[in-house]
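# Structure at a glance
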Protein chains: 2
Amino acid sequence: MIFTVQIKVMPLKDLLDPQGKAVMGGLQNLGLNNVSDVRIGKHIDLQIEAENREAAIATAEEAAKKLLANPVMEVYEITVS
Amino acid sequence: MIFTVQIKVMPLKDLLDPQGKAVMGGLQNLGLNNVSDVRIGKHIDLQIEAENREAAIATAEEAAKKLLANPVMEVYEITVS
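Here's what I pulled together on the structure shown here. (Residues numbered from 1 in each chain as written. Chains lettered and ligands numbered in written order. Predicted model: local features only at pLDDT ≥ 70, side-chain atom pairs only at ≥ 80, totals over all residues. Heavy atoms only, no water.)

## Here we look at the overall build of chain A
Scanning chain A from N- to C-terminus turns up two helices and three strands. When its helices and strands are written in sequence order, chain A yields β-α-β-α-β. For 81 residues, the compact-globule estimate of 2.2 N^0.38 gives 12 Å, and chain A exceeds it by more than 25% at 16 Å. When the backbone C-alpha atoms are referred to their principal axes, chain A occupies close to 50 × 25 × 15 Å. In chain A, which comprises 81 residues, the proportion classed as buried is 40%. If you take every contact in chain A between residues at least 6 apart in sequence, the share linking residues at least 24 apart comes to 73%. Total accessible area on chain A is roughly 4,600 Å²; 54% of this is exposed by carbon and sulfur atoms. (Helix = DSSP H or I, 4+ residues; strand = E, 2+ residues; numbered from the N terminus. Rg over C-alpha atoms; globule rule 2.2 N^0.38 Å. Buried < 20%, exposed > 50% of the residue type's maximum accessible area, 1.4 Å probe, protein only. Contact = heavy atoms within 4.5 Å. Areas by Shrake-Rupley, 256 points an atom, 1.4 Å probe, with all protein chains shown as cover.)

Spelled out as structure tokens, the structure:
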């Protein structure tokens, strides 16, 4: 069975996010002054062939841990749809 | 009222996604051969101060159109939580 998996990788809450700060500056220059606390991460969509949902999640966990997210700086979240 | 808004920006389905292809190669080198169709985009979390949900979505749309997404190459999706 093929599962569609989404992995969201975001910078840890406690860390500075310079890219987010830059985007917030840009938005304020555009006149959007009601925007705050911008944080930018990655979104990864992938297809996983697995016997069941649990196996698909296990593969996604392995992908996130080994390649997609840096646990020192990032947290990841896996969603199967 | 402050709304927490998430904007997902992904490369258009019809376009090549070289970053996704590279990650798929990396995952297969790690032995995860059951993974396919990897696509990588951005995930932006932000706080928007607005009178109501509709106004918050309108601000997020404006941010996405003017700064966050390039409509020639990307699609965006807004979620308010």
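## Brief notes about the packing of helix 1 (residues 18-29) of chain A against helix 2 (residues 53-68) of chain B
Following both chains from N to C, one finds helix 1 of chain A and helix 2 of chain B inclined at 105°, their axes separated by 10 Å at the closest point. On the basis of the axis angle, helix 1 of chain A is roughly perpendicular to helix 2 of chain B. Contacts between helix 1 of chain A and helix 2 of chain B involve Val23, Gly26 and Leu27 of chain A on the former and, on the latter, Ala63, Leu67 and Leu68 of chain B. Split into classes, the residues belonging to the contact of helix 1 of chain A with helix 2 of chain B amount to five nonpolar, one polar and no charged. (Axes fitted to C-alpha atoms, helices over the stretch in contact; angles between N-to-C directions. Parallel < 35°, antiparallel > 145°, perpendicular 65-115°, else oblique. Nonpolar A, V, L, I, M, F, W, Y, C, P; charged D, E, K, R; others polar.)

## Considerations on helix 1 (residues 18-29) of chain B
With twelve residues, helix 1 of chain B should cover 16 Å at 1.5 Å per step; its first-to-last C-alpha distance of 17 Å lies within 8% of that length. When helix 1 of chain B is considered as a whole, its buried residues turn out to be Gly20, Val23, Met24 and Leu27 of chain B. Viewed along the axis of helix 1 of chain B, the buried residues span an arc of 105°, placing them on a single side of the element. In helix 1 of chain B, those exposed residues whose orientation departs by more than 90 degrees from the buried face are Pro18, Lys21, Ala22 and Asn29 of chain B. Those residues of helix 1 of chain B that are buried lie in contact with helix 2 (53-68) of chain A together with strand 2 (35-49) of chain B. (Expected span 1.5 Å × (residues − 1). Arc of directions from axis to C-beta.)

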